[in-house]
Amino acid sequence: MIEKKLVSLRKTVRNNQKQVTSQLIKNHNSKICIICGTQNHLSKEHVVPRWAFEKDPNRRFVTEENGISQEYNKTTVPACKNCNSNILGSLERYLEIKFTQIDLNNDIFNDNDIEKIILWLELIDYKFHVLNLRRKFIKSKNGNRIKYLENIPLTIIQNIEISSSKVFSKLRKTLKKLSVKSKANKINSLVIFKTKNTNFYFFHKMDEFIYIELPKYEIALFYFLNEEYENNKDAYSEAMKIIKNVYS
């Protein structure tokens, strides 16, 4: 069943990616499904799934550029009911079961499931690309308004050294990734390890990496979005350096 859903996802993205990205670039706040582009039966797709942060309304993240705190629970992008519940929901339900069943002390994920985890993390990355295209800079972290930067999308502020056309190109490439069937070349780029932390942790640098801790399942995931590693040990070593730096 899950394989059929993922075939549907890839087909939907391939058939509609040009329409979706063109509309989002033309109007960053377009009320369209970010997967298929329809304007019908829209619902709110959480950028980070609610089950990942255990539906806790107090879980928040801070936008580095703005210094503004935002609830994960209220951080959503539009998706139609079919893409949200039927396609994306099926992948999330599948992974929830896998996370529940595995004990990393005694077992490891097989390559097929690792590829599904990679796809899930790439979906989160894509949703953040869309979110940051829709969110505005408004003011600087210290609270001062910078008039000439007001209302510029956060994704452009974050990539201020490159042109807006390159930002839009990254959006297209990020969506296109979701249509790629095999993630075999990226398997070593995903680091999976057991965590004893009791709290949900998440940090993400677009186009570079994504890190998520799922205390309910005692699982931590670190994925290098655009790097390929010959072996997982090298990826693990680099991931640990980044994690240490973030939490030091």
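Refer to the preceding data block for the structure.
Residues numbered from 1 in each chain as written. Predicted model: local features only at pLDDT ≥ 70, side-chain atom pairs only at ≥ 80, totals over all residues. Heavy atoms only, no water.

*Asks:* I tried to follow the overall build of the protein on my own but got confused; where do I start?
*Replies:* The number of helices and strands found in the protein is six helices and eight strands. Counting over 248 residues, the protein shows a buried share of 50%. At a minimum sequence separation of 6, the contacts of the protein that also span at least 24 residues come to 67%. As displayed, the protein offers around 13,000 Å² of accessible surface, 47% of which is attributable to carbon and sulfur atoms. (Helix = DSSP H or I, 4+ residues; strand = E, 2+ residues; numbered from the N terminus. Buried < 20%, exposed > 50% of the residue type's maximum accessible area, 1.4 Å probe, protein only. Contact = heavy atoms within 4.5 Å. Areas by Shrake-Rupley, 256 points an atom, 1.4 Å probe, with all protein chains shown as cover.)

*Asks:* What is the right way to look at the pairing of strand β7 (residues 209-214) in this model?
*Replies:* Look at any regular strand and the pattern is simple: side chains alternate between the two faces of the sheet. When you tally the buried positions in β7, you get six out of six residues, the bulk of the element. The turn linking strand β6 (residues 201-205) back onto β7 is made up of three residues, and Asp207 within it adopts a positive phi angle of 70°. Sheet topology places β7 next to strand β8 (residues 219-224); six bridges connect them, and they run antiparallel. Looking across to β8, one finds that Ile212 is bridged to Leu221. (Pairing = 2+ DSSP bridges.)

*Asks:* Quick question: what am I supposed to make of the packing of aromatic side chains here?
*Replies:* Evaluated as defined, the whole model comprises 22 aromatic pairs. Where Phe193 meets Tyr211, the ring centres are 6.4 Å apart and the plane angle is 15°; that geometry is what we call stacked. Of this pair, Phe193 sits in strand β5 (residues 190-194) while Tyr211 sits in strand β7; the two residues are 18 residues apart in sequence, bridging distant segments of the chain. A residue is classified by how much of its surface remains accessible, and Tyr211, at 2% relative accessible area, is buried. Relative to Phe222, the ring of Phe209 lies with its centre 5.4 Å away and its plane at 35°, an arrangement referred to as tilted. Taken together, the positions of Phe209 in strand β7 and Phe222 in strand β8 put the pair 13 residues apart, joining distant regions of the chain. With relative accessibility at 0%, the residue Phe222 sits in the buried group. Clustering of aromatic rings is evident, with ring pairs tying together Phe193, Tyr201, Phe203, Phe209, Tyr211, Phe222, Phe224, Tyr229, Tyr236 and Tyr247. (Phe/Tyr/Trp six-rings, centres within 6.5 Å; stacked < 30°, edge-to-face > 60°.)

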